[in-house]
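Chain residues, written in single-letter form:
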Amino acid sequence: MNEFLKWFFAFISEMLKGYADIVKGFGHGIKQIFNIKNYINIFKEHSQDYSALSWVLSILAIIIVIAIYALIFMMIILGIRKYIRFRHSIVSNEDLLEEIGELQRKVLKMTKEKDEIMAMKVAQMGLPAGSGALSLADGTMAAEGAEGGEAAAPAVVESGVVQTNEYRFSKLIEVDTFYKTYEPPAYDNEIDLPGICENFRNFACSRMHLYYEPKIIWLFMAGMASTKLIILQGISGTGKTSLPYSFGKFLQVDTTIASVQPSWRDRTELFGYFNEFTKNFNETEVLKRIYSSGYNNDVNLILLDEMNIARVEYYFAEMLSILEMPNADEWELDIVPNVWSTDPVKLDKGKIVIPQNIWYIGTANNDDSTFAISDKVYDRAQPINLDTKGVAFDAPDTPPMNLGFDHLDKLFKEAFDKYPISQENLKKIQQLDLWVIEKLRVAFGNRILKQMNLFVPVYVACGGDELDGIDYILATKIFRKFESLNLAMLREELRELCAYMTKTFGKNKMNESIAYLERLQKLF
């Protein structure tokens, strides 16, 4: 034991000497740098035989050295100040979050106290527990009472429904009233997908002075066939917002625009919330559009403008989960936890049904003011890149049209049956999947393959080429995942992938994917 202690003491002592030498060496270096006395002695020793030019150059050299040291010192000071400001900002944010948390705790405490007070009032009125009187926090108690201290009769519950004369959904009630006398328009059930695309392009040009390449419209229609969430991304000024806006005008059903704000952190900003004090539900235009879509056969669009200025997976998380459910009958959104007798007609047990005739279109910019869109969102959406401005062209004056959802859905299903991806290309895609898994450890995934089998047939039916449709899906949904990899170590694999795709699909094919892979190579 003694031998071990001696060894351990000697071992630690030797290690600590190393740290001491580091400190001594650093201190010696600082002392050497600022040894002014030594600099003066050196100058005296060499300046005895100086000419006038040597004196001038020596003084100039001293000034330059002093300036360099002053600059280094200022940079150090600035760095320290920036760090202090950064830390102060972090501390301030932490204090703010802590204050918000404290306020939330106080709100919960006050709500609990309010519930206890109301329970005492109910007890004073002589009502037994479970008699049907509910607390004010559940939104079912009537007025608090008259001036003389007499409490008004509370609302009661019959068969799980709160009997009341108050209305908490004013906008949705307006929708119910409107559709009591609504007569649907005469939909055009003869037009085909190429006709829709061509008419929309001409309408946008002649009536709205917006110019889109046919491919963009084909991609948009194919995206609608493959998913309910489409992301339009690219630089500003390329028509991301105007595309769904003008499409709504073309169908004579205006697109509902929700301008996303940086403060959006949960679903209440998008769908609204129940106000415990006013006993009204703060309804948003998005909620109203979702509800009204259940009444009509229109093609309804909701535009999430600048969707990634806040985190999409925060405020849109519940909808992302709903849209993934294979059974459309289960597409329901919980709005309120209980049922009032005056609730809107189509609000089923506090839940609103998400109709099939509604699409969510998001616009996204990639800059310092926005958040990166996560894979969870991209996998469920169809991205469409708008990187160039449309070129003006001449088009005949084209009026808007009435397009029914049933007819559009029928056209999509006909395209699925008529233009399925060929077995040859499916085999090539499977081989490509195996190659990518082996070389890059990235898999396609069943969800993306399912979307590809829906996207490509409609793209072909609109007027596109099958390989171009496959190429677009690979570039925007598969190869986009490579951005999260260590690309600096995979440049050779990316070159091999480009060569493999050219060999597999043919020369001058898969241009979108190859161009994207080449851009990734240039990043490092």
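**Considerations on the sheet that holds strand β4 (residues 256-259)**
Working step 1: Across the sheet, 5 strands lie side by side as β4-β7-β12-β3-β13; this open sheet has parallel pairing. With one partner strand each, in any of the chains shown, β4 and β13 (382-385) form the two edges of the open sheet. Here the average twist between neighbouring strands, direction ignored, is 20 degrees.
Working step 2: Pairing between strand β3 (residues 229-233) and strand β12 (residues 358-364): 5 bridges, direction parallel. Bridge assignment links Ile231 to a residue of β12, and that residue is Gly362.
Working step 3: Sheet contacts for helix α6 (residues 214-226): β3, β7 (300-305), β12 and β13; angle to β13, the most-contacted strand, approximately 170 degrees.

**What to know about the side chain of Thr398**
Working step 1: Inspection of the secondary structure assignment puts Thr398 in the loop between β13 and α13 (405-418).
Working step 2: Of note is the side chain of Thr398, whose polar atom sits 3.0 Å from the backbone oxygen of Pro396.
Working step 3: With near-sequence residues (within four places) excluded, Thr398 lies in contact with Asn199, Asn202, Phe203, Ser206 and Arg207.

**Description of the packing of aromatic side chains**
Working step 1: Overall, the coordinates contain 23 aromatic pairs when judged by the stated rule.
Working step 2: Judged by centre distance (5.5 Å) and plane angle (75 degrees), the rings of Phe220 and Phe247 are edge-to-face. Taken as a pair, Phe220 in helix α6 and Phe247 in helix α7 (residues 242-250) lie far apart in primary sequence, 27 residues in all. In this structure, Phe220 and Phe247 share a single accessibility class: buried.
Working step 3: On the basis of an interplanar angle of 85 degrees and a centroid distance of 5.4 Å, the ring pair of Trp264 and Tyr315 is categorised as edge-to-face. Note that Trp264 is positioned in the loop between β4 and α8 (268-271) and Tyr315 in helix α10 (residues 312-315), a separation of 51 residues in sequence.
Working step 4: What links up through ring pairs into an aromatic cluster is the set Phe200, Phe203, Tyr212, Phe220, Phe247 and Phe250.
Working step 5: One residue, Arg201, lies across the ring of Phe393, its end atom 3.9 Å from the ring centre.

**Quick word on the environment of Glu174**
Working step 1: Position of Glu174 among the secondary structure elements: in helix α4 (residues 170-180).
Working step 2: Along the primary structure Glu174 and Ser292 are separated by 118 residues, whereas in three dimensions their C-alpha atoms are 9.8 Å apart.

**Examining helix α16 (residues 466-478)**
Working step 1: The terminal C-alpha atoms of α16, which comprises 13 residues, lie 17 Å apart, in line with the 18 Å expected from a rise of 1.5 Å per residue.
Working step 2: Among the 13 residues that make up α16, 12 are buried, leaving the element largely enclosed by the rest of the structure.
Working step 3: Buried within α16 we find Glu466, Leu467, Gly469, Ile470, Asp471, Tyr472, Ile473, Leu474, Ala475, Thr476, Lys477 and Ile478.
Working step 4: Near the N-terminus of α16, the side chain that reaches the backbone nitrogen of Leu467, with its oxygen 3.1 Å away, is that of Asp465.

**Brief notes about the sheet that holds strand β2 (residues 161-163)**
Working step 1: Ordered by their spatial adjacency, 3 strands build an open sheet running β1-β2-β9, and the pairing between neighbours is mixed. One side of each edge strand has no neighbouring strand; the edge strands of this open sheet are β1 (156-158) and β9 (339-340).
Working step 2: Here β2 pairs with β9 via 2 bridges, running parallel. Within the sheet, the bridge partner assigned to Val161 lies in β9 and is Val339.

**What to know about the pairing of strand β5 (residues 272-275)**
Two faces make up the sheet, and in a regular strand the side chains alternate between them.
Working step 1: Summarising the sheet, β5 and strand β6 (residues 280-283) pair through 4 bridges and their orientation is antiparallel. Its bridge partner lying in β6, Asn275 is registered against Asn280.
Working step 2: Between the antiparallel neighbours β5 and β6 lie 4 residues, among them Lys279 with a positive phi of about 60 degrees.

The rules behind each value
- Residues numbered from 1 in each chain as written.
- Predicted model: local features only at pLDDT ≥ 70, side-chain atom pairs only at ≥ 80, totals over all residues.
- Heavy atoms only, no water.
- Pairing = 2+ DSSP bridges.
- Helix = DSSP H or I, 4+ residues; strand = E, 2+ residues; numbered from the N terminus.
- Axes fitted to C-alpha atoms, helices over the stretch in contact; angles between N-to-C directions.
- Contact = heavy atoms within 4.5 Å.
- Polar contact = N/O pair within 3.5 Å; in protein donor to acceptor, adjacent residues only side chain to side chain.
- Phe/Tyr/Trp six-rings, centres within 6.5 Å; stacked < 30°, edge-to-face > 60°.
- Buried < 20%, exposed > 50% of the residue type's maximum accessible area, 1.4 Å probe, protein only.
- Lys NZ or Arg CZ within 6 Å of the ring centre and 35° of its normal.
- Expected span 1.5 Å × (residues − 1).

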